[in-house]
Amino acid sequence: MSVRVARAAWARDWGAGCRRGASNFPLPPPGAVNVAELLRDATAAEEGPREAAARRRPPGQCSVLLFPGQGSQVVGMGRGLLGYPRVRELYAAARSVLGYDLLELSLHGPQEALDRTVHCQPAVFVASLAAVEKLHHLQPAVIENCVAAAGFSVGEFAALVFAGAMEFSEGLHAVKIRAEAMQEASEAVPSGMLSVLGQPQSKFTFACLEAREHCKTLGVENPVCEVASYLFPDCRVISGHLEALRFLRKNSSKYHFRRTKMLPVSGGFHTRLMEPALEPLAQVLKSVAMKEPLVSVHSNVDGNRYRHPKHIRKLLVQQVVSPVKWEQTMHAVYGRRKGTEFPKTFEVGPGKQLGSILKSCNLQAWRSYGHVEVLEDPEDDGT
């Protein structure tokens, strides 16, 4: 597909898919971008499976998009996107779904309000998809030649919207319900998340076990402390009761932890502490007109590609109480025979955390990494 055709397809509105089916969610404004239509056009010219078309491209001409998750939010995100076509309309559509001015909160904060789960998940979701619009404006061939996408936690919803598995408004509404349910669950129990940089001899499982035993001595019933994210070799995020996380920080040398840092999140996500959020999310996903992704999207739960809509619904719910297997996902996306080129990778959304993780997981893949800036818009932002 030519760049000219790609641009024409991109110019169609986000709501095309929504208008084709019954939907109770507000439609995004006419003229907003539609990644799904672009990708459908990209594959329509081929009678065979889209994977066959992708295989005909040299690997170095293909692209992968990575969508960040909660914790990457920062006041000012979105400022570097507003000069690009239709971004303001995208935020206007978000306002109609959420019922508040997400752009104002993203641009001006305060940071404490933006950090609340109920706000930061929609904020990262919308900023990431707005960054896709910027990337298309600067390098349309990157979108045309995209073969895979992955998102960290809530970023998985943005990846699925990008891939055409769900429409923007329905995806954002699901994120809204997810965020509200997770916020409520996090307020029920003092909990959090701890990033831990370890060493080969670090014993994460044993450390979590002893932290749970410590909590029991304090009278905590059914304490939670477990690995919630696998980031890269010897680096984990541990989630659970705050008393357990404080114990791990105090005794970090005992477990050969090189560095620990509390994350700017409000709860013990990706553990059973989030079980109250499962039913609200499952119910809202039943109302989403889910479709098969037009490019490969890898699940946080097992690192494998989504296969069909029922698979997506099941794992998006399971993800809330399961560890994010990001390191395993990176191996699945970038694994290849020696001497094979790596695709170009773009992180679309606030921060460069996923790029840093990719560097630690696969240095050769990282050499083709770029970041789409969402804060200020310098002349050279890596894209």
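Residues numbered from 1 in each chain as written. Predicted model: local features only at pLDDT ≥ 70, side-chain atom pairs only at ≥ 80, totals over all residues. Heavy atoms only, no water.

Our working definition: UniProt positions are given in the numbering used here, feature names are shortened, and annotations may be inferred rather than shown by experiment.
Looking at an unreviewed UniProt entry, one finds the chain named Malonyl-CoA-acyl carrier protein transacylase, mitochondrial, with Acinonyx jubatus as its source organism. Under the Catalytic activity (unreviewed entry) heading, UniProt states for the chain: "holo-[ACP] + malonyl-CoA = malonyl-[ACP] + CoA". If you open the UniProt record of the chain and go to Subcellular location (unreviewed entry), you find "Mitochondrion".

## A closer look at the packing of helix α16 (residues 326–334) against helix α17 (residues 353–361)
The criterion, for reference: Lines fitted to the C-alpha atoms define the axes, with helices restricted to the stretch that makes contact. Angles between their N-to-C directions range from 0 to 180 degrees. A run of H or I in DSSP counts as a helix once it spans at least four residues, and a run of E counts as a strand once it spans at least two, with each numbered from the N terminus. An angle counts as roughly parallel when it lies under 35 degrees, as roughly antiparallel when it exceeds 145, as roughly perpendicular when it falls between 65 and 115, and as oblique in every other case. What makes two residues a contact is simply this: any of their non-hydrogen atoms within 4.5 Å. Residues are grouped as follows: Ala, Val, Leu, Ile, Met, Phe, Trp, Tyr, Cys and Pro are nonpolar; Asp, Glu, Lys and Arg are charged; every other residue, Gly included, is polar.
Relative orientation of the contacting elements α16 and α17 amounts to 70°, with a least axis distance of 10 Å. As the angle between them shows, α16 and α17 are arranged roughly perpendicular. On α17, the residues touching W326, E327, M330, H331 and Y334 of α16 are L354, I357, L358 and C361. The class makeup of the residues in the contact of α16 with α17 is 7 nonpolar, 1 polar and 1 charged.

## A few points about the sheet that holds strand β1 (residues 63–67)
We apply this condition: We call two strands paired when DSSP finds no fewer than two bridges between them.
With parallel pairing, 5 strands are arranged side by side in an open sheet as β7-β2-β1-β9-β10. The open sheet is flanked by β7 (296–298) and β10 (369–372), the only strands paired with a single partner. Averaged over all pairs of adjacent strands, the angle between strand axes in this sheet comes to 20°, irrespective of strand direction. Bridge count between strand β2 (residues 146–151) and β7: 3 bridges; the pairing is parallel. Note that in β7 the partner of A150 across the bridge is H298. Most of the contacts of α17 go to strand β9 (residues 344–348), to which it runs at about 145°, and overall it touches β1, β9 and β10.

## Things to note about the packing of aromatic side chains
The line we're drawing: For this analysis, a ring pair means two rings from Phe, Tyr or Trp (six-membered ring only for Trp) whose centres lie within 6.5 Å, classed as stacked if their planes differ by under 30 degrees, edge-to-face if by over 60, and tilted for the remaining angles. The buried label applies to any residue whose accessible area, calculated with a 1.4 Å probe on protein chains only, is under 20% of its type's maximum; exposed applies above 50%, and partly exposed to all values in between.
Following the criterion strictly, the structure yields 6 aromatic pairs and no others. Ring centres of F67 and F162 lie 5.9 Å apart, and the angle between their planes is 45°; this geometry places the pair in the tilted category. Remark: F162 occurs in helix α10 (residues 155–162) and F67 occurs in strand β1; sequence separation between them is 95 residues. Overall, F67 belongs to the buried group, its relative accessible area being 0%. When its relative accessible area of 0% is taken as the criterion, F162 is described as buried. Aromatic side chains F152 and W326 sit 5.4 Å apart centroid to centroid with 55° between the ring planes, which places their arrangement in the tilted category. With F152 in the loop between β2 and α10 and W326 in helix α16, this residue pair connects regions lying 174 residues apart in the sequence.

## Digging into the packing of helix α8 (residues 117–138) against helix α11 (residues 168–188)
The packing of two helices is summarised by the inter-axis angle and the distance between the axes. The cut-off we apply is this: Each crossing gets its handedness from the near helix: less than a right angle anticlockwise from the far helix is left-handed, clockwise is right-handed.
Where α8 meets α11, the closest approach of the two axes is 7 Å, and the angle between their N-to-C directions is 155°. Classified by the angle their axes make, α8 and α11 are roughly antiparallel. Here α8 and α11 pass one another in a crossing that is right-handed. Contacts from T117, V118, Q121, P122, F125, V126 and L129 in α8 reach F168, G171, L172, V175, R178, A179, E180, M182 and Q183 in α11. Along the lines of polarity and charge, the residues of the contact of α8 with α11 split into 10 nonpolar, 4 polar and 2 charged.

## Topic: unusual backbone geometry
Here the amide bond leading from G109 into P110 is cis, since omega sits at 10°, within 30 degrees of zero. Among the secondary structure elements, P110 is positioned in the loop between α6 (102–108) and α7 (111–115). If you check the backbone angles, D234 has positive phi at about 70° while not being a glycine. In this structure, D234 sits in the loop between β4 (225–232) and β5 (235–241). Using a relative accessible area of 25% as the deciding quantity, one classes D234 as partly exposed. The backbone of H270 sits at a positive phi, close to 60°, despite the residue not being glycine.

## Digging into the state of the cysteines
To keep it simple, the criterion reads: The disulfide criterion used throughout: a pair of cysteine sulfur atoms within 2.5 Å.
For the structure on display, the rule yields 0 disulfides. Just so you know, C208 is unpaired, no disulfide at all, and the nearest cysteine sulfur is the one on C225, 3.9 Å from it. Taking relative accessible area as the criterion, C208 reaches 3% and is therefore assigned buried. Just so you know, C215 is unpaired, no disulfide at all, and the nearest cysteine sulfur is the one on C225, 7.0 Å from it. By relative accessible area, which is 0% here, C215 ends up buried.

## Here we look at the pattern of salt bridges
Worth spelling out the cut-off: We define a salt bridge as a side-chain nitrogen of Lys or Arg found within 4 Å of a carboxyl oxygen belonging to Asp or Glu.
Going through the model one piece at a time under the given rule, you end up with 8 salt bridges. Taking the shortest distance from any N to any O, the salt bridge between E133 and R86 comes out at 3.4 Å. In this pair, E133 sits in helix α8 while R86 sits in the loop between β1 and α5 (87–98), placing the two residues 47 residues apart along the sequence. According to the relative accessible area criterion, E133 is buried, its value standing at 2%.

## Looking at the pairing of β4
Across the 8 residues of β4, 6 count as buried, placing the element largely inside the fold. Strand direction decides the pairing type here: β4 and β5, joined by 6 bridges, are antiparallel. The residue of β5 that forms the bridge with S229 is V237. Remark: 2 residues form the turn of the hairpin made by β4 and β5, two consecutive strands paired antiparallel; D234 in that turn has positive phi of roughly 70°. Pairing analysis gives 2 bridges linking β4 to strand β8 (residues 324–325), with the strands arranged parallel. Directly across from Y230, in β8, lies its bridge partner K325.

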